[in-house]
Amino acid sequence: FQSDPQVRQAYTYLCDKDTIAKTLYGPAGQPTDNILTDPKIYASPNTHWEFNVAKAEQLLDAAGYKVNGQYRAKNGVQLSVLFQTSTNSVRQKHQQIVKAAFEQAGIKMELKSIDAGVYFSSDAGNPDTSSHFYADLEMFTNSNASPDPWDYFDGWTTQQIAQKENSWDGNNYERWSDKGYDNLVAQAKTETDAAKRRDMFIKMNDMIVDNVVDIPQIDRKGVNGFANEVQNVQPTAWDGTAWNIANWAKR
């Protein structure tokens, strides 16, 4: 049933990102509708998220998944999903918030937590790694490590699909394959016009979000603290905290 775009779109209405951000992350996390949030010049202005159980129910009704007892079903197939992530108190609370909305909309959800040492390992023989993705939904944090996000978006191309043939080493855990997206990434690699590249990156983000390949949740921030008397600290997302420590001074 996840091949049905209406079902996937319904999922997007069932993530209460405001509650997740405020109760679990505070100032260190903000709700987001984009897979790429930084640099800001590449953040898409086109996407929009909304927590709305009623809209999710309307989409599921339109897709033919009717309430049958506690949960929805179509042609004898029940809407029942397995949602996995690593063992972490914040992530388990995050799972519970999402599960409550899914169940309210008539989608049965089973939660699974996996030891982080296993979940994030590169063990090709372990079915519980995030790259195997033997579940319906899974959660983890990824990040764009460069001011130029080309490498980041390359992670969703067909050649990056994690699978047995590459020992589950690809970055495309979702195993999404779209020729148009692949071509766009290839074009962006050699495009030298800055404005055109910006438009390409925004379009890549929108393709991932609009096709519900991923459902962005929280834009997690790096948090640092400094004494008031320390001057000339210049935090950046692209280097270590002390990158300009030679310029630090004490009042």
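One can find the structure itself at the top, above this paragraph.
Residues numbered from 1 in each chain as written. Predicted model: local features only at pLDDT ≥ 70, side-chain atom pairs only at ≥ 80, totals over all residues. Heavy atoms only, no water.

## Considerations on the overall build of the protein
Next, step 1: Scanning the protein from terminus to terminus reveals eight helices and ten strands.
Next, step 2: For 251 residues, the compact-globule estimate of 2.2 N^0.38 gives 18 Å, and the C-alpha radius of gyration of the protein, at 20 Å, lies within 12% of that figure.
Next, step 3: Overall, the C-alpha framework of the protein stretches about 70 × 40 × 40 Å when taken along its three principal axes.
Next, step 4: Here the protein holds 251 residues, and the buried ones make up 42% of them.
Next, step 5: Nonlocal contacts in the protein, meaning residues at least 24 apart in sequence, comprise 65% of its contacts between residues at least 6 apart.
Next, step 6: Carbon and sulfur atoms form 47% of the exposed surface of the protein, whose accessible area is close to 13500 Å².
Next, step 7: Considering the protein, the positive charge centre built from 25 side chains and the negative charge centre built from 32 side chains are found 3 Å apart. (Helix = DSSP H or I, 4+ residues; strand = E, 2+ residues; numbered from the N terminus. Rg over C-alpha atoms; globule rule 2.2 N^0.38 Å. Buried < 20%, exposed > 50% of the residue type's maximum accessible area, 1.4 Å probe, protein only. Contact = heavy atoms within 4.5 Å. Areas by Shrake-Rupley, 256 points an atom, 1.4 Å probe, with all protein chains shown as cover. Lys, Arg positive; Asp, Glu negative; His and termini not counted. Charge placed at Lys NZ, Arg CZ, Asp CG, Glu CD.)

## Thoughts on the packing of helix H1 (residues 5–12) against helix H3 (residues 53–62)
Next, step 1: H3 packs onto H1 with a crossing angle of 170° between their chain directions and a minimal axis gap of 8 Å. Accordingly, the angle class assigned to the pair H1 and H3 is roughly antiparallel. Packed against H1, whose contacting residues are Gln6, Val7, Gln9 and Ala10, the element H3 presents Ala56, Leu59, Leu60 and Ala62 at the interface.
Next, step 2: Residues that form the contact of H1 with H3 fall into these classes: six nonpolar, two polar and no charged. (Axes fitted to C-alpha atoms, helices over the stretch in contact; angles between N-to-C directions. Parallel < 35°, antiparallel > 145°, perpendicular 65-115°, else oblique. Nonpolar A, V, L, I, M, F, W, Y, C, P; charged D, E, K, R; others polar.)

## Observations concerning unusual backbone geometry
Next, step 1: For the bond from Asp38 to Pro39, the omega torsion is -5°, close enough to zero to count as cis.
Next, step 2: Summarising the element assignment, Pro39 is placed in the loop between strand S1 (29–31) and H3.
Next, step 3: Positive phi is not limited to glycine here, since Trp168 has a value of about 60°.
Next, step 4: Turning to its location among the elements, Trp168 is positioned in the loop between helix H6 (150–154) and helix H7 (179–190).
Next, step 5: Of note in the backbone geometry, Val212 takes a positive phi value of approximately 55° without being a glycine.
Next, step 6: Position of Val212 among the secondary structure elements: in the loop between helix H8 (194–210) and strand S8 (218–220).
Next, step 7: Judged by relative accessible area, Val212 falls into the buried class, the value being 11%.

## A word on the pairing of strand S5 (residues 80–86)
Next, step 1: Here S5 lies mainly inside the structure; six of its seven residues are buried.
Next, step 2: As judged from the seven bridges shared by S5 and strand S6 (residues 108–114), these two strands associate in the parallel manner. In the sheet register, Thr85 faces S6, and the bridge partner there is Ser113.
Next, step 3: The parallel pair S5 and S6 is bridged by helix H4 (residues 89–104), and the resulting crossover is right-handed.
Next, step 4: Both S5 and strand S7 (residues 137–138) contribute to a ladder of two bridges, which runs parallel. Each bridged residue has a counterpart across the sheet, and for Gln84 the counterpart in S7 is Glu138. (Pairing = 2+ DSSP bridges. Right-handed = clockwise from strand over helix to strand, strands pointing away.)

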